[in-house]
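Residue-level structural notes
If you want the building blocks of each chain, they are given just below.
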Amino acid sequence: QYQVAYWKTGSEMDFGMFGLGDFEVASMPYFGQTFSIYCLSPQDSASSGMSMPDAVAAVYGGSAIDTSILCAVNPLSVTLDEVGYQEVLAQKSASQMALFIERVANHMGATVPVTSVQNLNDLAQSVVDGTVNGGGGYSMGLLASYLGSRPDWIEFDSQAKCVANRNVPPSVIGSALGG
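Predicted model, so just to flag it, every value in this text is computed and none were measured.

1. Here's the deal with the overall build of the chain
In terms of regular secondary structure, the chain is built from 6 helices and 4 strands. Mapped in sequence order, the helices and strands of the chain form the string β-β-α-α-α-β-α-α-β-α. Looking at the 179 residues of the chain, the share that counts as buried comes to 28%. Pairs at least 24 apart in sequence give 45% of the contacts found in the chain among residues at least 6 apart. When the accessible area of the chain is evaluated, it comes to approximately 11300 Å², of which 55% is carbon and sulfur surface.

Given below as structure tokens:
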């Protein structure tokens, strides 16, 4: 069973690989009502104490999921400003920060080639560690300024005229179009 059936009681609640976390990911309109959509929280097996998603992954020869990001803000959907930057930085996750930095670069008309992923990861790690900028850390403004200086490991499209956010939720596009 994928999710814990909260309406059940007793041992019936022992089933389900994921429970609901404490972070509201989005809200969803449904037949005139609005419902909260919560992040997922892995559940432990009552008998083994092992994380259910990890146990299923192990049985099928897969790898465990990174549960630290399940109830964290999504770096692909936060605002591209100081607030969004701080939300991602608060996670203290280099992989999440790398996604955010790459998204900022994309927004500036740039891409990170596969050959430069290590540079991206190194920058993200130093941002999270606070070791960039002479140990003074970064802000969104300093990050944007650095990326705008066109470091040689990022490819900028000289023909870029308008940059679109390809990760915007369809509901935002619909409301912008009056739908």
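Still more to cover.
2. Side note on the packing of aromatic side chains
Here the structure, examined in full by the defined rule, presents 5 aromatic pairs. Geometrically, the ring pair formed by tyrosine 138 and tyrosine 146 is tilted, given 6.4 Å between the ring centres and 40° between the ring planes. Classification of tyrosine 146 by relative accessible area gives partly exposed; the value is 26%. Taken together, the ring pairs connect Tyr30, Phe31 and Phe35 into an aromatic cluster. The ring of phenylalanine 156 carries arginine 150 above its face, with NZ or CZ at 4.4 Å from the centroid.

3. A few points about helix H2 (residues 82-89)
Inspection of H2 places Gly84, Tyr85, Val88 and Leu89 among the buried residues, and these make up the whole buried set. All buried residues of H2 project into a common sector of 135° when viewed along the axis, lining one side. Of the residues flanking the start of H2, the one acting as N-cap is aspartate 81, its side-chain oxygen 3.2 Å from the backbone nitrogen of valine 83.

4. Here's the deal with the packing of helix H3 (residues 94-107) against helix H5 (residues 140-148)
Two numbers describe how H3 lies on H5: the axes approach to 10 Å, and their chain directions differ by 55°. The orientation of H3 relative to H5 falls into the category oblique. H5 is crossed by H3, and the crossing has right-handed handedness. Where H3 approaches H5, its residues Phe100, Ile101, Val104 and Ala105 are matched on the opposing element by Met140, Leu143 and Leu147. Taken together, the residues of the contact of H3 with H5 sort by class into 7 nonpolar, no polar and no charged.

5. Some words on unusual backbone geometry
Even without glycine at this site, lysine 92 takes up a positive phi of about 55°. You can see lysine 92 is positioned in the loop between H2 and H3. A positive phi angle, near 60°, is found at arginine 150, a position not held by glycine. Structurally, arginine 150 can be placed in the loop between H5 and strand E4 (155-156).

6. Quick notes on a nonpolar patch on the surface
Together, Val25, Met28, Tyr30, Phe31, Phe35 and Ile37 line one region of the surface with nonpolar side chains, adding up to about 630 Å² of accessible area. If you list the elements that add at least two residues to the nonpolar patch, you get strand E1 (18-30) and strand E2 (33-42). Looking at the nonpolar patch element by element, the count peaks at 3 residues for E1. Looking at where phenylalanine 35 falls in the secondary structure, it is placed in strand E2. Looking at phenylalanine 35, the relative accessible area reads 36%, which means it is partly exposed.

7. Considerations on the state of the cysteines
Each disulfide consists of one covalent bond between the sulfur atoms belonging to two cysteines. A complete count under the given rule lists 1 disulfide for this structure. Here cysteine 39 pairs with cysteine 71 through a disulfide, and the sulfurs are 1.9 Å apart. Looking down the S-S bond of the cysteine 39 and cysteine 71 bridge, the torsion is 90°, so its handedness is right-handed. Note that cysteine 39 is positioned in strand E2 and cysteine 71 in the loop between helix H1 (52-59) and H2, a separation of 32 residues in sequence.

8. A closer look at the pairing of E2
Relative to E2, E1 runs antiparallel, the two sharing 9 bridges. Looking at E2, one finds that phenylalanine 18 is bridged to proline 42. In sequence, E1 turns back onto E2 through a hairpin of 2 residues, with phenylalanine 31 there showing a positive phi of about 50°.

Cut-offs applied
- The residue numbers shown here count from 1 along each chain, following its written sequence.
- For this predicted model, a pLDDT threshold of at least 70 governs which residues receive local features, and a threshold of 80 or more governs which side-chain atom pairs are given and counted, while totals over whole chains, interfaces and linings are taken from all residues.
- Hydrogens and water are ignored here; the side-chain numbers use all heavy atoms of the structure.
- Each helix is a run of DSSP H or I of at least 4 residues and each strand a run of E of at least 2, with the numbering of both proceeding from the N terminus.
- Buried, partly exposed and exposed residues are distinguished by accessible area as a fraction of the type maximum, computed with a 1.4 Å probe on protein chains only: under 20%, between the cut-offs, and over 50%, respectively.
- By the convention used here, residues are in contact when the closest approach between their heavy atoms is within 4.5 Å.
- Only the protein chains shown count as covering a residue, and every accessible area follows the Shrake-Rupley method with a 1.4 Å probe.
- Think of it this way: a Phe, Tyr or Trp ring, Trp meaning its six-membered ring, pairs with another when their centres are within 6.5 Å, and the plane angle makes it stacked under 30 degrees, edge-to-face over 60, tilted otherwise.
- Two limits define a charge over a ring: the Lys NZ or Arg CZ must be within 6 Å of the ring centre, and within 35 degrees of the ring normal.
- Directions pointing from the helix axis toward each C-beta atom define the arc.
- Polar contact criterion, stated in full: a pair of N or O atoms within 3.5 Å, where within protein one must be able to donate a hydrogen and the other to accept it, and residues adjacent in sequence count only if both atoms are side-chain atoms.
- What counts as an axis is a line fitted to C-alpha atoms, over the stretch in contact for a helix, and the angles between N-to-C directions run from 0 to 180 degrees.
- When describing relative orientation, an angle under 35 degrees is termed roughly parallel and one over 145 degrees roughly antiparallel, while 65 to 115 degrees is termed roughly perpendicular and anything else oblique.
- Left-handed describes a crossing in which the near helix is turned anticlockwise from the far one by less than a right angle; the clockwise case is right-handed.
- Throughout, the ten residues Ala, Val, Leu, Ile, Met, Phe, Trp, Tyr, Cys and Pro are labelled nonpolar, Asp, Glu, Lys and Arg are labelled charged, and all others, Gly among them, are labelled polar.
- Within this analysis, patches are made of residues with over 30% relative accessible area and no salt bridge. Like charges are joined at 9 Å or less; nonpolar side chains (Val, Leu, Ile, Met, Phe, Trp, Tyr) at 5 Å or less.
- The rule for a salt bridge is simple: a side-chain nitrogen of Lys or Arg has to be within 4 Å of a carboxyl oxygen of Asp or Glu.
- The rule for a disulfide is simple: a pair of cysteine sulfur atoms within 2.5 Å.
- Two strands form a pair only when DSSP identifies at least two bridges running between them.

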